[in-house]
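Structure at a glance
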Amino acid sequence: MTTRVHVLGSGTPTPTPERFGTAFAIEVDDELIMVDCGPATTWKLVRAGFRPTDVSTLFFTHHHFDHNVDYPCFLLTRWDQGAGLVEPLEVIGPHPTTRLTDRLVGPDGAFADDIEARVQAPPSQHVYQNRGGTLPRLKPVVQTQDITAGFTRETERWTVRSAPAEHVQPYLESVAYRFDTAAGSVVFTGDTQPCDTITELARGADLLFCMCWDLDERMVESGEDTGQCGVDGAARTAEAAGVGTLVLVHTGPHISTDEVRQAALERAGAIFGGRTVFADELSSYDLT
């Protein structure tokens, strides 16, 4: 069994030429799972060599826009390209996952008129049939589940566990996920400050994808140190959890510059004895 993680978004709410928003795809043999769906995820998924119809399950860590703003694009593209031949998408995440989905593609959702036109208009019906679909065309069906921290799921190929992430509660709930496969284990912190629940979830993991907004002293000076990890916090978490490789994601514009990145890697190396890397968008990491 092979497991590969593809980074579809390694940035923040601030768009830069190199990175924007957060999203990941996990390839477990012939199954594809996504975690978060930030800006341009659908396009970057295709650039990584996949189709939206390849994705079976989407997990959300939380519902800030840099983690979910491409969700309507992904939903509609998967439905449109699927031509009724793919299984319904399963979407799992903290509240308001179900409400958000209904407000997008439900009977009175933001895209209800678009969906109605694609279902009823003869030109759209012809395109649908040319893709292999059989009339009548059905409207999108999405299987959603609002979860709380502690959610688990076991399948034949993978097991997922979740734990609380400390970010912007009580305004939004945030969770981190750990996926275990026959090839190894990977943890996605989502957005969080260093906390015991993340350390325990990540204990002994092969890969830890941890947010890293900036250098810690800059975060303290700007008042941005609450609810977020910096270099030191990410490295201390990785060291305490005994992970194999720390992959820094959700990196802000300052720390993403070459000079600061190199200094940050040296600093992380003084704290964490394993391997530390900065993730670039469309990079990938294997569990072997």
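A brief structural summary. (Residues numbered from 1 in each chain as written. Predicted model: local features only at pLDDT ≥ 70, side-chain atom pairs only at ≥ 80, totals over all residues. Heavy atoms only, no water.)

1. A word on empty space enclosed by the protein
According to the stated counting rule, one finds one cavity of 30 Å³ or more in the structure shown. Forming the walls of the largest cavity are 14 residues, and the residues nearest its centre are Thr-22, Phe-24, Gly-190, Phe-209 and Val-249. Every element with two or more residues in the lining of the largest cavity is listed here: strand 2 (22-28) and strand 11 (207-211). Classifying every residue of the lining of the largest cavity by side-chain character gives six nonpolar, six polar and two charged. (1 Å grid on protein atoms, 1.4 Å probe; cavity = no way out; pocket = protein on both sides within 12 Å on 5 of 7 lines; lining within 4 Å. Points joined across faces, edges and corners; volume = space filled by probe spheres on them. Helix = DSSP H or I, 4+ residues; strand = E, 2+ residues; numbered from the N terminus. Nonpolar A, V, L, I, M, F, W, Y, C, P; charged D, E, K, R; others polar.)

2. Looking at the side chain of His-67
Among the secondary structure elements, His-67 is positioned in helix 2 (residues 65-68). Among the polar contacts made by the side chain of His-67, one reaches the side chain of Asp-191 at a distance of 3.1 Å. Non-local contacts of His-67, meaning those with residues more than four positions away in its chain, are made with Thr-22, Asp-36, Cys-37, Gly-38, Phe-60, Thr-61, His-62, Asp-191 and His-250. (Polar contact = N/O pair within 3.5 Å; in protein donor to acceptor, adjacent residues only side chain to side chain. Contact = heavy atoms within 4.5 Å.)

3. A look at the sheet that holds strand 14 (residues 284-287)
Two orientations exist for strands paired in a sheet by backbone hydrogen bonds: parallel and antiparallel. Spatial strand order, 6-5-4-3-2-1-14: seven strands in an open sheet with mixed pairing. Single-partner strands in this sheet number two, and they are strand 6 (142-147) and strand 14. Averaged over all pairs of adjacent strands, the angle between their axes in this sheet comes to 20°, without regard to strand direction. In terms of strand pairing, strand 2 meets strand 3 (residues 31-35) through five bridges, oriented antiparallel. (Pairing = 2+ DSSP bridges. Axes fitted to C-alpha atoms, helices over the stretch in contact; angles between N-to-C directions.)

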